[in-house]
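Chain by chain, the residues run as shown.
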Amino acid sequence: RWSLPMAMSITHRGTGVALSLGVSLFSLAALLLPEQFPHYLAQVRALSLGPSLIFSAKFLLALPVSYHTWNGIRHLV
């Protein structure tokens, strides 16, 4: 049977893998793409995305980081 600690452990591993892949892909892109980061940031800003979409994207990026961090602290305690 599924239990809460088992589900939290699986989710912790999943967020760890996702964060590791995200950092690896970002680093690889930083090495291989021809322009510097400010150029690509300006392209994203030029899309004129609404504040709600930007907030949602930031939330979706911060959620796995915060979950993984707090669950790791919970595990250590």
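Now for a description of the structure that goes with this document. Keep in mind that what you see is a predicted model, and the values were worked out from it rather than measured.

Comments concerning the side chain of Asn-71
Along the chain, Asn-71 falls in helix 3 (residues 51-76). Setting aside chain neighbours within four positions, we find Asn-71 in contact with Met-8 and His-12.

Notes on helix 3
For helix 3, spanning 26 residues, the distance from its first C-alpha to its last is 37 Å, which sits close to the expected 38 Å at 1.5 Å a residue. The largest bend in helix 3 comes to about 25°, at Ala-62, with the proline Pro-64 one to four residues further on.

Remarks on unusual backbone geometry
Look at Ser-48: it is not a glycine, yet its phi comes out positive at around 50°. Relative to the helices and strands, Ser-48 resides in the loop between helix 2 (37-46) and helix 3.

Points about the packing of helix 1 (residues 4-32) against helix 3
Put simply, helix 1 and helix 3 touch, their axes get as near as 9 Å, and they point 130° apart. On the basis of their axis angle, the class for helix 1 and helix 3 is oblique. For the crossing formed where helix 1 meets helix 3, the hand is left-handed. Across from Met-8, Thr-11, His-12, Thr-15, Gly-16 and Leu-19 in helix 1, the residues of helix 3 making contact are Pro-64, Val-65, Tyr-67, His-68, Asn-71, Gly-72 and Arg-74. When the residues that make up the contact of helix 1 with helix 3 are grouped by side-chain class, the tally is 5 nonpolar, 7 polar and 1 charged.

Calculation criteria
Residues numbered from 1 in each chain as written. Predicted model: local features only at pLDDT ≥ 70, side-chain atom pairs only at ≥ 80, totals over all residues. Heavy atoms only, no water. Helix = DSSP H or I, 4+ residues; strand = E, 2+ residues; numbered from the N terminus. Contact = heavy atoms within 4.5 Å. Expected span 1.5 Å × (residues − 1). Bend = angle between axes of the 7 residues up to and from the residue. Axes fitted to C-alpha atoms, helices over the stretch in contact; angles between N-to-C directions. Parallel < 35°, antiparallel > 145°, perpendicular 65-115°, else oblique. Left-handed = near helix turned anticlockwise from the far one by under 90°. Nonpolar A, V, L, I, M, F, W, Y, C, P; charged D, E, K, R; others polar.

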